[in-house]
Amino acid sequence: MVMRWVVIAFLCTLSVSVTPSELRADGRFHLIFHAPDHPGEEVLRKEVIASGRFQEVVALLNSTFLLKESVTIRFGTNDGDGPSYDPENKTIIMPYGFIGETRDVLKRLADSEETAQLMAMTLDSLEFTLYHELGHALIDLFDLPVIGMEEDAVDGLATVLAIETFEHGGEIALAAADQFILTAEAEELVLEDIQGVHSLDERRYFNILCWVYGSDVKYYAGLPEDSELGPERAEGCEEEYALLADSWFRLLKPHMTPESLEDRGDQQSPAGG
Ligand SMILES: [Zn+2]
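Take helix α5 (residues 115-141) next. Across its 27 residues, α5 extends 38 Å between first and last C-alpha, which sits within 8% of the 39 Å expected from 1.5 Å per residue. One or two residues past the end of α5 sits D143, with phi positive at roughly 55°.

This is the structure we're talking about:
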């Protein structure tokens, strides 16, 4: 049985009244929902706050990782730019505009009348994005080695974090995978996509599918066929996920709290082998 890294049991906290210098001092993750510059973004801000999703994630991160410096997760207006990690200010930036874009992309999958379902998928994909940016942050903060492309590496961490944290965390990663494939279908491939630091969206889609499937081949038994993952890739996914989860765990273990390691159940690898 897969041992989970952490047990979700905490009260939600929201840090909205502290200054950046105070944030740097206490070695914790802080969440800020900055007032948006555009009135249209206020509804997105309210929905994300009301979900409680990211307050929960921040409490989870604080119970899991030992930081020497504080990290700010800041939701705010960031015109024209996507989510990012700023190593100078140790800040993960989650633009409200990106929430709207995510929702618009996923709208094609959700029944248009089922806004609750659409919002849940949007929050799932956003949570994956936060874990992806967190991966960049952890590489910076813990001076972790990266072999291969960092963008692929942190997609892997985001998938592992979602799966090893939540009972059906694979759904979080699958929402992000859906967003990648829908974006790929809607946008024409240009040279910059191939030159860029990210793998192509189609590639990111199939990587995530393989890792989610590999995390629990019984639970996700229908996934390879439903998603065109293909039998050749699917065959190696269980091993691929186990190696991915174990590699990340070995890198992160020195930076994890004793409580989180205890909750995980002794010193086994996340994939139990
Ligand atoms: Zn990235």
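As a further point, take helix α9 (residues 201-215). In this model, α9 (15 residues) spans 21 Å end to end at C-alpha, consistent with the 21 Å of a helix rising 1.5 Å per residue. Across the 15 residues of α9, 13 count as buried, placing the element largely inside the fold.

This next bit is on the pairing of strand β1 (residues 29-33). The buried fraction of β1 amounts to 4 of the 5 residues, a majority that puts the element mostly inside the structure. Both β1 and strand β2 (residues 71-76) contribute to a ladder of 5 bridges, which runs parallel. Pairing of L31 across the sheet is with I73, part of β2.

So, about the nonpolar core. In terms of nonpolar packing, the biggest core is built from 65 residues, with I92, A173, A177, L209 and V212 touching the most fellow members. Counting residues per element, this core draws most heavily on α5, which supplies 9 residues. Discounting chain neighbours no more than four positions away, the residues touching A177 are Y205, I208 and L209.

Let's shift gears to the packing of helix α2 (residues 42-51) against helix α4 (residues 96-106). α4 packs onto α2 with a crossing angle of 85° between their chain directions and a minimal axis gap of 9 Å. Our classification of the angle between α2 and α4 gives roughly perpendicular. Together, L44, R45 and V48 of α2 and Y96, I99 and G100 of α4 make up the contact between the two elements. Considered class by class, the residues forming the contact of α2 with α4 number 4 nonpolar, 1 polar and 1 charged.

Moving on: the confidence of the model for the protein. Confidence in the prediction for the protein averages 87 pLDDT; 87% of positions are at 70 or higher. Considering only residues more than four positions removed or in separate chains, one finds that residues 1-18, a stretch of pLDDT under 50, has 45 contacts. Note that pLDDT drops below 50 for residues 269-273; the model gives that stretch 19 contacts with residues more than four away or on any other chain.

Glancing now at the sheet that holds β2. Strands in a sheet are paired, the pairing made by backbone hydrogen bonds, and the direction either parallel or antiparallel. With mixed pairing, 4 strands are arranged side by side in an open sheet as β1-β2-β4-β3. Two strands bound the open sheet, and with one partner strand each, they are β1 and β3 (84-86). Direction aside, the axes of adjacent strands within the sheet are offset by 20° on average. Across the sheet, α4 lies against β2 and β4 (91-95), angled at about 50° from β4, the strand it touches most.

Within the secondary structure, P83 sits in the loop between β2 and β3. Once you skip the residues sitting within four places of it in the chain, P83 turns out to touch I93, M94, P95, F98, T129 and E133.

Attention shifts here to the pairing of β4. Across the 5 residues that make up β4, a large majority, 5, are buried. Alternating positions in β4 separate into two faces, T91, I93 and P95 on one and I92 and M94 on the other, with burial throughout. Note: β2 against β4, 5 bridges, orientation parallel. Looking at the pairing, I73 lines up with I92 of β4. Where β3 lies against β4, 3 bridges are found, and the strand directions are antiparallel. Considered in β4, the bridge of S84 is made with I93.

Between two packed helices, what matters for the description is the angle formed by their axes and the separation of those axes. Two elements in contact, helix α6 (residues 150-165) and α9, have axes whose closest approach is 10 Å; the angle formed by their N-to-C orientations is 35°. Two packed elements cross with a definite hand, and for α6 against α9 that hand is right-handed. Between α6 and α9, the residues in contact are D152, D155, G156, T159 and I163 and R204, N207, I208, W211, V212 and S215, respectively. Its residues assigned to classes, the contact of α6 with α9 comprises 4 nonpolar, 4 polar and 3 charged.

A separate point is unusual backbone geometry. Even without a glycine there, the phi angle at K90 is positive, about 50°. The phi dihedral of D143 falls on the positive side, at around 55°, and the residue is not glycine. The class of D143 is exposed, set by 7 C-beta atoms lying within 10 Å.

Criteria and thresholds
- Residues numbered from 1 in each chain as written.
- Predicted model: local features only at pLDDT ≥ 70, side-chain atom pairs only at ≥ 80, totals over all residues.
- Helix = DSSP H or I, 4+ residues; strand = E, 2+ residues; numbered from the N terminus.
- Expected span 1.5 Å × (residues − 1).
- Buried ≥ 20, exposed ≤ 12 C-beta atoms within 10 Å, placed from the backbone.
- Pairing = 2+ DSSP bridges.
- Core = buried A, V, L, I, M, F, W, Y, C linked by C-beta atoms within 7 Å.
- Contact = placed C-beta atoms within 7 Å.
- Axes fitted to C-alpha atoms, helices over the stretch in contact; angles between N-to-C directions.
- Parallel < 35°, antiparallel > 145°, perpendicular 65-115°, else oblique.
- Nonpolar A, V, L, I, M, F, W, Y, C, P; charged D, E, K, R; others polar.
- pLDDT = per-residue confidence, 0-100.
- Left-handed = near helix turned anticlockwise from the far one by under 90°.

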